[in-house]
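A closer look at the structure
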Amino acid sequence: TMKIAVPLASGKLCAHFGHCEQMALLELDEKRREVVRTTYLTPPPHEPGVMPTWLHELGANVVICGGMGKRAQEFFRVLDIHVVIGAPAETPEKVAAAFLKGSLTVGENICDH
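These lines cover the structure that appears in this document, whether it is placed above or below. (Residues numbered from 1 in each chain as written. Predicted model: local features only at pLDDT ≥ 70, side-chain atom pairs only at ≥ 80, totals over all residues. Heavy atoms only, no water.)

Some points on the overall build of the protein chain
Across its full length, the protein chain carries three helices and six strands. Going residue by residue from the N terminus, the α and β elements of the protein chain occur as β-β-β-β-α-β-α-β-α. Radius of gyration (C-alpha) of the protein chain: 13 Å, near the 13 Å computed for a compact globule of 113 residues. Expressed as a percentage of contacts within the protein chain between residues at least 6 apart in sequence, the contacts between residues at least 24 apart total 47%. (Helix = DSSP H or I, 4+ residues; strand = E, 2+ residues; numbered from the N terminus. Rg over C-alpha atoms; globule rule 2.2 N^0.38 Å. Contact = heavy atoms within 4.5 Å.)

Points about the environment of G69
Residue placement: G69 occurs in the loop between β5 (62-65) and α2 (70-78). Overall, the relative accessible area of 10% leaves G69 in the buried class. Separated by 42 residues in the primary sequence, G69 and E27 place their C-alpha atoms 25 Å from one another. (Buried < 20%, exposed > 50% of the residue type's maximum accessible area, 1.4 Å probe, protein only.)

A look at the side chain of E27
By the element assignment, E27 lies in strand β3 (residues 22-29). Its relative accessible area of 16% is what places E27 among the buried residues. With near-sequence residues (within four places) excluded, E27 lies in contact with T1, M2, K3, E34, V35, V36 and R37.

Describing the pairing of β5
Going residue by residue along β5, you find V62 and I64 tucked away on one face and V63 and C65 tucked away on the opposite face as well. Sheet topology note: the strand β1 (residues 2-9)/β5 ladder contains two bridges and is parallel. Paired with I4 across the strands is V62, a residue of β5. With four bridges joining them, β5 and strand β6 (residues 82-85) adopt parallel strand pairing. Residue pairing in the sheet places V63 in a bridge with V83 of β6. You can see the chain leave β5, run along α2 and come back into β6, and the turn it takes is right-handed. (Pairing = 2+ DSSP bridges. Right-handed = clockwise from strand over helix to strand, strands pointing away.)

Put into structure tokens, the structure is as follows:
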């Protein structure tokens, strides 16, 4: 099962990964290309390496965000979690559906640290 993590602020994708209010964890049926379950979780405190390890333990394969620092990206790379940066501030279901269809439009990494 593919699991996509999407950091949220006010119910939509959060521009800064480490500053999210909630984390949506979407379980996907890759064959049918659809979301089968969405779980909303309160993330642990924002400290280096904490959220990547937490998401790895939850079984996340992909993180889709607006912006993420280079150090966080490296933590995810080491844990073999694919990171998509520059995604739009949409609902987690819209973001995941576009990712599955290969139509997710991404821009620049808005995080510069």
